[in-house]
Amino acid sequence: MRFSLFAHMERWDESVSHQESFQNLTSLIQQAEAGGFSTVWIGEHHSTEFTASPNPLTQLAYLAGKTTTIRLGAGTLIAPFWDPIRAAGECALLDVISDGRMEVGLARGAYQFEFDRLTPGLSAADGGTYLRELVPAVKRLWEGDYAHEGEHWNFPTATSVPKPLQQPGPPVWIAARDPNTHDFAIANGCNIMVTPLMKGDEEVEDLKAKFDGAVTNNPQATHDAEIMVLRHTYVHDEAEPEGWRKGAEAVNKYFRTFDAWAGNKTTPTDGFLDPSPVEKFDDRPEMQPASLRNAAMIGTPEEVVARLKTYEAMGINEFSYWMDSSLSHAEKEASLRLFIEHVVPAFQ
């Protein structure tokens, strides 16, 4: 099982500038590369300071020149916000720039806040139809001349310029939860990325079962499909028995902020939105720090290794260390250093 890093420019107030935030992100990615991580993933988000990333391809193109071995994943592009020709060409260009290190994740989108501003009138719940149309179109454009007549896009003969260095194209990952999306991904030659959020490892088992079912349902698939699990991660020194609490409380704040944005009931101020209040989740045991300690990948190096070994035994191909959490840059560096020094060697 290999490891990747999932991270964004993360700002919680004006005390950290955008420039410093990007420098911090670059430093963490270089630290992960030196520590043997296979891939960095940066997603797409708009007008949200706690995940500042209007175009992950721009950041990854810069990082291509600051790294040498780590693969560069756009994880994920929001399908309704992209034209197939633009998506194919820009992803292929990053593949050329990075000497064949590009990977692309695609998703239907989550925040209605973003849809209201980029695709007014479209419900985020309907983003899946765009995803199902975009994926095969991009793959055909990477192959060569292709004309498209679909529900959402129509264009005469076009092609991806440039063509990707990797053939037949960069690996494509689909963010999936329900069985139909798993089936779609496998049938269309894609890998699958899953996020258990605040649920326990029983959710990982369930998602892996859906993946296995999709592989069985599509015997015609010609690629060896892979599955990646994305988890908030925080490693603390064993000399600090209460060290887990810092990580769990940071993840709690992240999810409360996610809830505020997903609720779409309050207009943000200059890209910032306060987390939903702690009291809102008094009857949600899965949101309590003690529960998040057991759900998120939080613990001492020994505890984290033991849990990740169960993921490896399940057949998980890639574990993605989700860095976003509201922790300071120094706290993120310390956790990642412990992971690199004490967890990664257990899987080499």
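This one's a predicted model, so the numbers in the text were calculated from it and none came from an experiment.

Our next topic: a nonpolar patch on the surface. On the surface, a nonpolar cluster with roughly 340 Å² of combined accessible area is contributed by Leu93, Val96, Ile97 and Leu165. When you line up the elements, Ile97 lands in helix α3 (residues 84-97).

Our focus in this paragraph is unusual backbone geometry. Of the consecutive residues Gly75 and Thr76, the connecting peptide bond is found in the cis state with omega at 15 degrees. Along the chain, Thr76 falls in strand β3 (residues 71-78). In this structure, Pro162 follows Val161 across a cis peptide bond, with omega equal to 5 degrees. Its place among the elements puts Pro162 in the loop between β6 (154-158) and β7 (172-175). Phi is positive for Leu197, close to 50 degrees, though the residue is something other than glycine. Its place among the elements puts Leu197 in the loop between β8 (191-194) and α7 (201-217). A relative accessible area of 31% means that Leu197 is categorised as partly exposed. Phi at Asp270 is positive, roughly 55 degrees, even though this residue is not glycine. Following the sequence through the fold, Asp270 ends up in the loop between α8 (244-263) and α9 (289-295). Of the residues examined, Asp270 reaches a relative accessible area of 62% and is grouped as exposed.

What follows concerns the packing of aromatic side chains. Under the definition given, this model contains 21 aromatic pairs. For the ring pair Phe3 and Phe319, a centre distance of 6.5 Å and an interplane angle of 80 degrees mean the geometry is edge-to-face. Residue Phe3 is found in strand β1 (residues 2-6), and its partner Phe319 is found in strand β11 (residues 318-322); the two are separated by 316 residues along the sequence. Judged by its relative accessible area of 4%, Phe3 is buried.

The next thing to look at is the environment of Met102. Checked against the element boundaries, Met102 lands in strand β4 (residues 102-107). Taking relative accessible area as the criterion, Met102 reaches 0% and is therefore assigned buried. Placed 10 residues apart in sequence, Met102 and Ala92 show a C-alpha to C-alpha distance of 8.0 Å. Apart from residues lying up to four places away in sequence, Met102 is in contact with Leu57, Arg71, Leu72, Ala74, Cys91, Leu94, Asp95, Gln166, Pro170 and Pro171.

Generally speaking, soluble globular proteins have nonpolar side chains that are buried together. Membership of the largest hydrophobic core comes to 82 residues, with the highest contact counts inside it found for Leu5, Phe37, Leu308 and Phe339. Beyond its immediate stretch of four places on either side in the chain, Leu5 contacts Leu28, Ile29, Ala32, Phe37, Thr39, Val40, Trp41, Ser320, Tyr321, Met323 and Leu336. Counting 27 residues, the second-largest nonpolar core is a separate cluster that includes Tyr111, Phe113, Leu292 and Ala296.

On to the pattern of salt bridges. Here the structure, examined in full by the defined rule, presents 18 salt bridges. Here Lys332 ties to Glu10 by a salt bridge, and the two come within 2.5 Å at their closest N and O atoms. With Lys332 in helix α11 (residues 329-343) and Glu10 in the loop between β1 and α1 (18-34), the pair connects residues that are 322 residues apart, well separated along the chain. This pair shows no difference in class: Lys332 is buried, exactly as Glu10 is. With its nearest N and O atoms 2.4 Å apart, the salt bridge here joins Arg284 to Glu286. A network of salt bridges, in which partner residues are shared, links Arg2, Glu226 and Glu318.

This next bit is on the side chain of Gln59. The residue Gln59 is located in helix α2 (residues 56-64) in this model. If sequence neighbours within four positions are ignored, Gln59 has contacts with Met9, Phe22, Leu25, Ile42, Ala52 and Ser53.

We now examine the pairing of β7. Summarising the sheet, β4 and β7 pair through three bridges and their orientation is parallel. Its bridge partner lying in β7, Val104 is registered against Val172. Judged from the three bridges that link them, β7 and β8 form a sheet pairing that is parallel. Bridging from a neighbouring strand, Trp173 pairs with Asn191 of β8. Since β7 and β8 lie parallel, the crossover through helix α6 (residues 179-187) that links them has a hand, and here it is right-handed.

Conventions and cut-offs
Residues numbered from 1 in each chain as written. Predicted model: local features only at pLDDT ≥ 70, side-chain atom pairs only at ≥ 80, totals over all residues. Heavy atoms only, no water. Patch = residues over 30% accessible without salt bridge, like charges linked within 9 Å, V, L, I, M, F, W, Y side chains within 5 Å. Areas by Shrake-Rupley, 256 points an atom, 1.4 Å probe, with all protein chains shown as cover. Salt bridge = Lys/Arg side-chain N within 4 Å of Asp/Glu carboxyl O. Helix = DSSP H or I, 4+ residues; strand = E, 2+ residues; numbered from the N terminus. Buried < 20%, exposed > 50% of the residue type's maximum accessible area, 1.4 Å probe, protein only. Phe/Tyr/Trp six-rings, centres within 6.5 Å; stacked < 30°, edge-to-face > 60°. Contact = heavy atoms within 4.5 Å. Core = buried A, V, L, I, M, F, W, Y, C linked by side-chain atoms within 4.5 Å. Pairing = 2+ DSSP bridges. Right-handed = clockwise from strand over helix to strand, strands pointing away.

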